[in-house]
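Notes for the structure review
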Amino acid sequence: MNGKKKPSLLRALAKTFWLEYVHLAMYQLTTDIFVRLAQPIFLGWLLGYFAPESTVPKSSAYIYAGLILGLSIVGAICVNQFMVKSFFNGMKVRLATCSLIYRKALKLSNTALGNTSVGKVVNLLSNDVSRFDIVSVFIHSMWIAPLLTIIVGVLLYREVGYAGLIGMLVIAIVTPIQSFTGKLASIFRLQTAQRTDERVRLMDEIINGINVIKLYAWEKSFKKLIFDAREKELKVIRKSSYVRALYMTF
């Protein structure tokens, strides 16, 4: 050992895939900041042409309508490319993580292998790494959302004054509730992973000892064990689903 601390998994992934995430940030910045904010502004100017005693010339109305149409096309293209590249990048990160887990498993000592269940490794490779697909889609919302909130708040204040900030106040009230439900979802996610590990480990042990189970006709007893393990897992999944439904409702 050279005494240097090895980089963490997240740091290594960020160092490897930072350019892909920058490309995704540009797509989302174009869609959320420029397209979605410019469209209502041009729409307001277009509606001004139809107002009584309007001074907006007809040529300007055509220009505003063309800009709205053009922004819709640009937004659709950017959203499509963002989603495709997000899932493609998430797949690459998932495969890289699976490769790291596989190579790490091959280097484990006999003592470490005794402390690591097969179910835990299977759960890591089948369920946990799939979170990277979702992360690639929502990671940029962490900095886009506050920036978008500030810009929209300023625009609302300029248009309608303090009355326009009422909606922003509702968002400010809901945000702590979402944060709390998000923490609950994280806790239930951890419990679900633990229950899944137990169920997969139990199934692995049953499959390895199936000859003995068939010999002594213990099928019903082990069937009950499997159903009990699955029921415990489903209880946590139900709780997580309820919390997620509440979170998505807000």
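Bear in mind that the values here come from a model prediction, so they are computed numbers and not experimental data. (Residues numbered from 1 in each chain as written. Predicted model: local features only at pLDDT ≥ 70, side-chain atom pairs only at ≥ 80, totals over all residues. Heavy atoms only, no water.)

Overview of the nonpolar core
Convention followed: Side-chain atoms within 4.5 Å link the members of a nonpolar core, which is a set of buried Ala, Val, Leu, Ile, Met, Phe, Trp, Tyr and Cys residues. The buried label goes to any residue with under 20% of its type's maximum accessible area, the exposed label to any with over 50%, and the partly exposed label to all in between, with areas taken from a 1.4 Å probe on protein chains only. By definition, any uninterrupted DSSP run of H or I lasting at least four residues is a helix, any uninterrupted run of E lasting at least two residues is a strand, and each is numbered from the N terminus. Contacts are assigned to residue pairs with any non-hydrogen atoms lying within 4.5 Å of each other.
Of all hydrophobic cores here, the largest spans 11 residues; its members are Leu-13, Phe-17, Tyr-21, Leu-24, Phe-82, Val-93, Cys-98, Ile-101, Val-129, Phe-132 and Val-137. Those elements that provide at least two residues to this core are α1 (9–49), α2 (58–106) and α5 (131–138). In this structure Leu-24 touches Phe-82, Lys-85, Ser-86, Asn-89, Ser-136 and His-140, once residues within four positions along its chain are discounted. Ranked by size, the runner-up nonpolar core spans eight residues in total, among them Phe-42, Leu-46, Tyr-64 and Ile-68.

A closer look at the pattern of salt bridges
The criterion, for reference: Salt bridges are counted wherever a side-chain nitrogen of Lys or Arg sits within 4 Å of a carboxyl oxygen of Asp or Glu.
If you walk through the whole model with that rule in mind, you get nine salt bridges. A salt bridge links Lys-92 to Glu-20; its shortest N-O distance comes to 3.2 Å. Here Lys-92, found in helix α2, pairs with Glu-20, found in helix α1; they are 72 residues apart in sequence, far enough to count as distant. Among the charged side chains, a salt-bridge network with shared partners connects Arg-199, Arg-230 and Glu-233.

A word on the side chain of Thr-181
If you trace the backbone, Thr-181 turns up in helix α7 (residues 166–208). Overall, the relative accessible area of 4% leaves Thr-181 in the buried class.

Remarks on the packing of α2 against α5
Rules: Helix axes are fitted only over the stretch in contact, all axes being lines through C-alpha atoms; the angle between N-to-C directions runs from 0 to 180 degrees. Roughly parallel covers angles under 35 degrees, roughly antiparallel covers those over 145, roughly perpendicular covers 65 to 115, and oblique covers all other angles. With the far helix as reference, a near helix turned anticlockwise by less than a right angle produces a left-handed crossing, and one turned clockwise produces a right-handed crossing. Amino acid classes used here: Ala, Val, Leu, Ile, Met, Phe, Trp, Tyr, Cys and Pro are nonpolar; Asp, Glu, Lys and Arg are charged; the rest, including Gly, are polar.
At a minimum axis distance of 8 Å, the contact between α2 and α5 shows a crossing angle of 140°. Our classification of the angle between α2 and α5 gives oblique. α5 is crossed by α2, and the crossing has right-handed handedness. In this structure, α2 contributes Phe-82, Met-83, Ser-86, Phe-87, Asn-89, Gly-90, Met-91, Val-93, Arg-94 and Thr-97 to the contact, and α5 contributes Phe-132, Asp-133, Ser-136 and Val-137. Split into classes, the residues belonging to the contact of α2 with α5 amount to seven nonpolar, five polar and two charged.

Here's the deal with the confidence of the model for the protein chain
Our working rule: pLDDT gives the predictor's per-residue confidence on a scale running from 0 to 100.
Mean pLDDT over the protein chain: 82, with 93% of residues reaching 70 or higher. Confidence, expressed as mean pLDDT per element, reaches its minimum in the protein chain at helix α3 (residues 110–115) with 70 and its maximum at α2 with 88. Residue range residues 1–6 is modelled with pLDDT below 50. Its contacts to residues more than four positions away, or to other chains, number one contact.

Quick look at unusual backbone geometry
Even without being glycine, Ala-217 reaches a positive phi, approximately 55°. In this fold, Ala-217 is placed in the loop between α8 (210–215) and α9 (219–249).

Considerations on the packing of α7 against α9
Running from amino to carboxyl end, α7 crosses α9 at an angle of 165°, the nearest separation of the two axes being 9 Å. One way to sum up the angle between α7 and α9 is to call them roughly antiparallel. The interaxial crossing formed by α7 with α9 has left-handed handedness. Looking at the contact of α7 with α9 residue by residue, the classes come out as 15 nonpolar, seven polar and six charged.

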